[in-house]
Amino acid sequence: MTFQAKLALRYMQGRKLRTTLTLIAVMFGVMIVFGFNGILPAMEQALQTNLSAAVEKVDLTITSESRGAFDASAVTLVRETPGVALASPSLVRPLLVPTAQAVTAADGTAITSFILRGVQPEQLAELNPVSLADGRLLTDADDHSVLISNNLAQQTGLGVGDTLVLPASTGLLTLEIVGITVGQPPMGSEELIAPLAAAQTVFNLPGQINTIEAKFAPGSDAQTVQQAVLARLGSGYKAGGNEAGSEFATAMETGRLVLSLFGIIAAAMGGFIIFITFRTVVIERRRDIGMLRAIGASRQTILGMILTESLVLGILGTALGLLLGALLAYGLLVGMQPIMENMMHARIGGPSFAPWMFVLAIGMGLGITLLAGLAPALAATRVQPLDALRPSLAEVERRAAGRSAIAGIIIVALAFLTLIAGNVGLAALGIVLFMIGLALIGPALIYPIARLFGRLLSLIFAREGQIAQGNLTRQPGRAAITASAITIGLALLVAMGGLITSLIGGMDGWIAKTLGSDYLFMPQSLVLGGGNIGAGPQLVEQVKTTPGVSQVATLRQTTAKIDGSDLQIVGIDPVTYPQVSGLIFAAGDEAAVYQDMANGRSIVVNGIFAAQSGVKTGDTLSLQTPEGVQAYQVAGIGGDFMNYKIATGYISQANLAQDFHETADLLIMVNQQPGADAAQVDGALRALSRDYPAFSFYSLAEWKTEIGKSLAVFNAMYVLLIVLAIPSLIALINTLAINVLERTREIGTLRAVGATRRQIRRMITAESLLLAATGTVFGLLAGLWLGYILVGAMNLVGLVFPFSYSYAGLLLAIAVGLGFGVIGALIPARQAAQLDIVRALAYE
Amino acid sequence: MSIIKTEQLTKVYGKGATAVTALNGLNIEIQPGEFVAVMGPSGCGKSTLLHLVGGLDKPSNGRVLLDGQDIFRLNDDELTQLRRRQIGLVFQFFNLIPVLEAAENVALPLILDGVKQNDARQKAEAWLARIGLSDRLTHRPDQLSGGQQQRVAIARALVAEPSLILADEPTGNLDSRSADDIALLLRQISEEWNRTVLMVTHDPRIAAHANRIIFLKDGTVVDETRLSSNGHQEEMMVRQKLEVAR
Amino acid sequence: MSVRNAILGLLAYRPRHGYELHDAFEAMVGGVENWDLKPAQVYTTLTRLEKKGLVIEDRVQQDGGPEKHIYTVTQAGLAELQKWFSEPVLSDRRRDEFFLKLMLCLAAPDANPRKLIYVQRASLYRELHAITAQRSRVDPKSELAYILLLDQAVMHLEADLRWLDMVESRLDEISRQPIPEPAERPRGRPPKSDES
């Protein structure tokens, strides 16, 4: 062990509390980054259920480029291709079953998420052999039969001869279980195998399929045959299976960004705490360092000593952080399961940690500790040997404070510029810059603020308050560091609070505008493409003819490819949709846009897509459709509530039917006639909805209550805030404790000249409150601005909502800030009060 | 050749009206093996002299020659190395590293100089034994009395076998009995172990242990008293004369 | 006075002849360098004591040698010793030669009082150096009496040195003041004796 390492370890052992607190700080940073990143793959996996589990068993799988359905006649083309021995069509899609139709497992959980595989009997026999545990395979004579897995059979007790009721575009479809298959179901969802026709009925896609599987003749060259098949089919088809849910990729990307933002802030926070700690460590050890220099330690040795210490803390903290991060990820996934179940009907697996996450978390943990330790370590090398011989004089020149304040203002201004620059990466950097700037401005402002609060405080703690105020203004640098620990913590709290409030507020606005009809037929999943079952035209017809109904608008959905990536396409009726609901536009004239959509291939894209691909109004998009590549002109930029977080384009339902063969209604919005009997309309529609269990029927009032519940989920984000706020409490205790330590002698003198324990306690508490008040003021101002920057950053990535903040939140922040001051003062104040006078006087 | 020689050594603290002259053109010379005490009223510049000779501070004017070498021509690293190998420092407040054991504290200068841990440890223990602390090797500073701490500090100053020991009020923080012990130890260092000792003190009883006392006032030498010449030094002078004669 | 009482004390411890008394005294005060007592003084003192009846002399014939004079303390001698033990020893520190020298030097033309101080100081330091060296060679386990004696000297010297420092720092002040002169007194009364 080197000398530096030994010294570092000894110092760490000698100051256990300090070491622990710093360790916790590093740990928190790593934990948050590692834990959050670990959750994402699990969520992605839950959403991206692999539909082509059997791909390997066949020679070729054909799907459409757009990943949508296409006409079954394509099978004939494949069959006719030389070298193809066998080709079979299938329709494979996720299927969500309403709770009423859900299959209940033995343990009481409702299984609502399935993958429905519509196949022709020959496929199971020859192409994709299925082993049976019980019953029989499908035959050509079957039309309402289904095979389930033995896994599902075991869970639910269902067996051959029982029936399964599925929602369908025509209402309900009852299928008889004829066989039990052996084999593992694909991730997340149980597979149901039914005749192709039955699947087409369920999904309202008569004559449509989305997969062709083929086997080649023995001896033929697979490559050549595949080329031939694709050539014969023409454009719009690809070899390879479909993956459901890849339209979520954009949403996931956004999620990753938001969480990374959290990670960056947590890391900056951790770094800041480490910086504070090591800065005080250097002040505290000034004499030791000076002595080492005096007896011949070089500057490099001192640098190495401090850096080794931070490295050891970094390694320990990172290791613990990884461990806790993994636990956090498990915990969060367990906690999120009901939410995911509720909103997307997806089941989540455990967290998974890719090698790069380890690299990131470890790099961050070690990198930040080293970086944060560097400045204090460099300061330590500037300690002169003479400092060992002099009593420590922690004088801070007012002028130096002024200079760093100017630097701080410049940095804060730069932070603001990064926001205007309109680049997400820069904006994130801006947040870090903002915090650094804040720390620099602190010392210059501490004097006036401490004076201001000192007046208020002296009303409560007459004499002690005055002493406390004096202590602070004499040491503006040290006080500023302490106050800025609170500031940073509180700023985060306020900023994230502001972000969440803005988000929720923004959503409220969106919901009111885009889902504000009198009645709603909502699909199972709020995400349109998430395996929802649409309704055929008869439902809308029935709704329209219900007495008292004035307008009806629907949403339809499919997926297109553009430049190789997915774009969700939502079909609206340009005439009825604006009457009942409406998109929120960021660019483009509303009336003109709907006019364009009615007239031709016009598309409105949402903010996320526009931000990511840099699309502007007037551009032309080349969309891969089942009908080949089609050119759509961008008429405007805007979106609705349900699809704001997924890259989406809105086109007319006429174009959707023509280019994408999609006519199923996924969401139906209904307005009643003025003066109609609400109870009567409500009753009639509700009765109608019972035949379509794939939909949940809501009146406007019911919907608002429902959405309120969902939004409450976002309150979970406040929990994250608390997780982030804890380190700043730690930093506060740390700095206050050091403060007391540094003044041991002074406190001893005060006690010796007649200050009571109570007075000392009050003095330290007063000081702490003063610092907290100062930190709170900074924190509120900085937090509001930081929140504004965060919202701005969100807007940059396409999540457009205005910045707002609640007064209750501000009051809470003030309470928390001052509360921290009191809590942070408790330990050091006790410590100070219990100091033994004689020992304190001898202390140096 | 004298081990320490100062030429017109001047140190002024501060600027303008508030400037304080700590040393004012000081010229002193100290021979190898001498035990010299520097005395004078507080503010006479005695600590400043010690700091300058130890290369801990920079003079405003003048030179300090150690073994004929102008130490302020050295850069920081060279000066650090000089302190490490040629100078042993003893402070008023002992200045031991609180988290290290006695033997580890003593071994510090050797380890800083790149000596192997085991060798450094052995030497440290040998020196602690020589000053009578072989039963305190693994004690931490807070487990030792003031006198013992100062002994450890002296062992630390000696461990790298420097030719010069600088002691700044080494007994300033000790009771009179421990102070006597430390003074005797310093005398032993000079008489038995042939080190040059330059000590600053304001205690006549401690200063009386030296061979020579330099009295400073207002930054200049006002008087000098030779108390005795120790055997070693006489021997050296005889030898020098013999060499001249040859 | 003290030599007389010391001889009484030594004889009370055990009877001895004159030469033994001289050596015992020297051992008690820590050597000839501390208190140089001449043998002649021992004999004159013994003669005086015998006359006063405080000691008595016995002549003892040695084997093959001259006869020896052994002295023994009498009852009156023991009473005298007890009287000595019961009285405090008065300090005579106020009668100081250096002080006189310094005051007169202040008054004398062409004299350098500072130099006087330095010379005195150097001398005191040399004395202190010698005593500390001496003290360091004494074994505290068996010769504590000697150490205590040396410590007394060390402390006196220390006090003298501190006092010199004080004088030096106030030298300018004292040289501005007139040196003490006898006050004008009514005629006929004799001048006061040398009590300070």
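Residues numbered from 1 in each chain as written. Chains lettered and ligands numbered in written order. Predicted model: local features only at pLDDT ≥ 70, side-chain atom pairs only at ≥ 80, totals over all residues. Heavy atoms only, no water.

Some points on the overall build of chain B
Helix and strand counts for chain B stand at 8 helices and 11 strands. Every one of the 246 residues in chain B was classed for burial, and the buried ones make up 57%. For chain B, the exposed surface amounts to about 10,100 Å²; the carbon and sulfur share of it is 45%. (Helix = DSSP H or I, 4+ residues; strand = E, 2+ residues; numbered from the N terminus. Buried < 20%, exposed > 50% of the residue type's maximum accessible area, 1.4 Å probe, protein only. Areas by Shrake-Rupley, 256 points an atom, 1.4 Å probe, with all protein chains shown as cover.)

Re the packing of helix 1 (residues 2-13) of chain C against helix 3 (residues 39-51) of chain C
Residues and elements named next belong to chain C. Taken N-terminus to C-terminus, the directions of helix 1 and helix 3 make an angle of 80°; their axes are 10 Å apart at the nearest point. When the axis of helix 1 is compared with that of helix 3, the two are roughly perpendicular. Between helix 1 and helix 3, the residues in contact are Val3, Arg4, Ile7, Leu8 and Leu11 and Gln41, Val42, Thr45, Leu46 and Leu49, respectively. Of the residues contributing to the contact of helix 1 with helix 3, the split by class is 7 nonpolar, 2 polar and 1 charged. (Axes fitted to C-alpha atoms, helices over the stretch in contact; angles between N-to-C directions. Parallel < 35°, antiparallel > 145°, perpendicular 65-115°, else oblique. Contact = heavy atoms within 4.5 Å. Nonpolar A, V, L, I, M, F, W, Y, C, P; charged D, E, K, R; others polar.)

What about the pairing of strand 10 (residues 171-181) of chain A?
Residues and elements named next belong to chain A. Counting buried positions along strand 10 gives 8 out of 11 residues, so the element sits mostly inside the fold. Where strand 7 (residues 132-135) lies against strand 10, 3 bridges are found, and the strand directions are antiparallel. Of the residues in strand 10, the one forming a bridge with glycine 135 is glycine 179. Bridge count between strand 8 (residues 145-149) and strand 10: 5 bridges; the pairing is parallel. What sits directly across from serine 145, in strand 10, is glutamate 176. Where strand 9 (residues 163-168) meets strand 10, 6 bridges bridge the pair, whose relative direction is antiparallel. Bridge pairing links alanine 168 to glycine 171 in strand 10. The turn joining strand 9 and strand 10, which pair antiparallel and follow one another in sequence, is formed by 2 residues. (Pairing = 2+ DSSP bridges.)

Some thoughts on the pairing of strand 11 (residues 220-226) of chain B
In regular strands, side chains alternate between the two faces of the sheet. Residue and element names in this part refer to chain B. Both strand 10 (residues 212-217) and strand 11 contribute to a ladder of 6 bridges, which runs antiparallel. Counterpart to lysine 217 in the pairing with strand 11 is threonine 220. Where strand 10 hands over to strand 11, the hairpin turn is made up of 2 residues, of which aspartate 218 adopts a positive phi near 50°.

Notes on the interface of chain B and chain C
In this complex, chain B contributes 20 residues to the contact, which on the side of chain C involves 17 residues. Both sides of the chain B and chain C interface together cover about 1,500 Å² of buried area, and 58% of this is carbon and sulfur. The tally of links between chain B and chain C comes to 3 salt bridges. The interface formed by chain B and chain C holds 5 residue pairs in polar contact (both at pLDDT 80 or more) in total. Contributions of two or more residues to the side of chain B that touches chain C are made by helix 6 (176-191), helix 7 (204-207), strand 10 and strand 11 of chain B. Element by element, the count of residues in the side of chain B that touches chain C is highest for strand 11 of chain B, at 4 residues. Classifying every residue of the side of chain B that touches chain C gives 10 nonpolar, 4 polar and 6 charged. (Buried area = accessible area lost by both parts, 1.4 Å probe. Salt bridge = Lys/Arg side-chain N within 4 Å of Asp/Glu carboxyl O. Polar contact = N/O pair within 3.5 Å; in protein donor to acceptor, adjacent residues only side chain to side chain.)

A closer look at the interface of chain A and chain B
Opposite the 26 residues of chain A that make contact, chain B presents 25 residues. Both faces considered, chain A and chain B share a buried interface measuring about 2,400 Å² in area, 60% of it formed by carbon and sulfur atoms. Taken together, chain A and chain B are joined by 2 salt bridges. For the salt bridge of arginine 299 of chain A with aspartate 76 of chain B, the shortest nitrogen-to-oxygen distance reads 3.4 Å. Along the contact surface separating chain A from chain B lie 5 residue pairs in polar contact (both at pLDDT 80 or more). Those elements giving two or more residues to the side of chain A that touches chain B turn out to be helix 1 (3-14), helix 9 (286-294) and helix 10 (299-344) of chain A. Looking at side-chain class alone, the side of chain A that touches chain B contains 13 nonpolar, 6 polar and 7 charged residues.

Topic: unusual backbone geometry
Residues and elements named next belong to chain B. Unusually for a residue other than glycine, aspartate 67 sits at a positive phi of about 55°. Tracing the backbone through its elements, the reader meets aspartate 67 in the loop between strand 5 (61-66) and strand 6 (69-70). Phi is positive for glutamate 161, close to 55°, though the residue is something other than glycine. If you trace the backbone, glutamate 161 turns up in the loop between helix 5 (146-159) and strand 8 (164-168). By relative accessible area, glutamate 161 is classed as partly exposed at 44%.

Things to note about the packing of aromatic side chains
Following the criterion strictly, the structure yields 9 aromatic pairs over all chains and no others. Their ring planes at 85° and their centres at 5.3 Å tell us that phenylalanine 25 of chain C and tryptophan 35 of chain C sit as a pair that is edge-to-face. With phenylalanine 25 of chain C in helix 2 (residues 18-29) and tryptophan 35 of chain C in the loop between helix 2 and helix 3, this residue pair connects regions lying 10 residues apart in the sequence. Accessibility expressed as a relative area gives 6% for phenylalanine 25 of chain C, which makes it buried. Taken together, the ring pairs in this structure connect Tyr519, Phe521 and Phe697 of chain A into an aromatic cluster. (Phe/Tyr/Trp six-rings, centres within 6.5 Å; stacked < 30°, edge-to-face > 60°.)

Things to note about the sheet that holds strand 1 (residues 16-17) of chain C
Residues and elements named next belong to chain C. The 3 strands lie next to each other as 1-3-2, forming an open sheet whose pairing is antiparallel. The open sheet is flanked by strand 1 and strand 2 (55-61), the only strands paired with a single partner. Relative to strand 3 (residues 67-73), strand 1 runs antiparallel, the two being bridged by 2 bridges. Counterpart to arginine 16 in the pairing with strand 3 is tyrosine 71. Its contacts with the sheet put helix 3 on strand 2 and strand 3, and the angle it makes with strand 2 is roughly 115°.

Re a nonpolar patch on the surface
Residues and elements named next belong to chain A. On the surface, Ile406, Ile410, Leu414 and Leu417 cluster together into a nonpolar patch covering about 380 Å² of accessible area. Inspection of the secondary structure puts isoleucine 406 in helix 12 (residues 398-421). Here isoleucine 406 falls in the exposed class, since its relative accessible area comes to 51%. (Patch = residues over 30% accessible without salt bridge, like charges linked within 9 Å, V, L, I, M, F, W, Y side chains within 5 Å.)

Looking at the environment of leucine 324 of chain A
Residues and elements named next belong to chain A. Topologically, leucine 324 is positioned in helix 10. Taking the relative accessible area as the measure of exposure, leucine 324 reaches 28% and is therefore partly exposed. In this structure the C-alpha to C-alpha distance between leucine 324 and phenylalanine 28, which are 296 residues apart in sequence, comes to 8.5 Å. The residues contacting leucine 324, other than those within four sequence positions of it, are Met27 and Met31.

Focus: helix 6 (residues 196-203) of chain A
Residues and elements named next belong to chain A. The buried count for helix 6 comes to 6 of 8 residues, which makes it a mostly enclosed element. Of all the residues in helix 6, the buried ones are Leu196, Ala198, Ala199, Gln200, Val202 and Phe203. Along its buried surface, helix 6 packs onto strand 3 (84-96), strand 6 (113-119), strand 9, strand 10, strand 11 (190-195) and strand 12 (208-209). Phi for asparagine 204, located one or two positions after helix 6, is positive at around 60°.

Focus: the environment of tryptophan 785 of chain A
Residue and element names in this part refer to chain A. Looking at where tryptophan 785 falls in the secondary structure, it is placed in helix 25 (residues 757-796). Since its relative accessible area comes to 28%, tryptophan 785 is described here as partly exposed. Sequence-distant contacts of tryptophan 785, defined by excluding residues within four places in its chain, comprise Val412, Phe416 and Phe434.

Points about helix 1 of chain C
Over its 12 residues, helix 1 of chain C extends 16 Å from the first C-alpha to the last, a length consistent with the 16 Å expected when each residue adds 1.5 Å. Contacts from the buried residues of helix 1 of chain C go to strand 1, helix 2, helix 3, strand 2, strand 3 and helix 4 (75-86) of chain C. (Expected span 1.5 Å × (residues − 1).)

Here's the deal with the nonpolar core
In this structure, Leu292 of chain A together with Leu128 of chain B are the most contacted members of the largest nonpolar core, which totals 136 residues. Residues contacting leucine 128 of chain B, with those up to four places away along its chain left out, are Ala102, Ala103, Val106, Leu133, Ser134, Leu137, Val152 and Ala155 of chain B. Among the nonpolar cores identified, the runner-up in size contains 45 residues, and Leu173, Ile212, Val225 and Leu233 of chain A belong to it. (Core = buried A, V, L, I, M, F, W, Y, C linked by side-chain atoms within 4.5 Å.)

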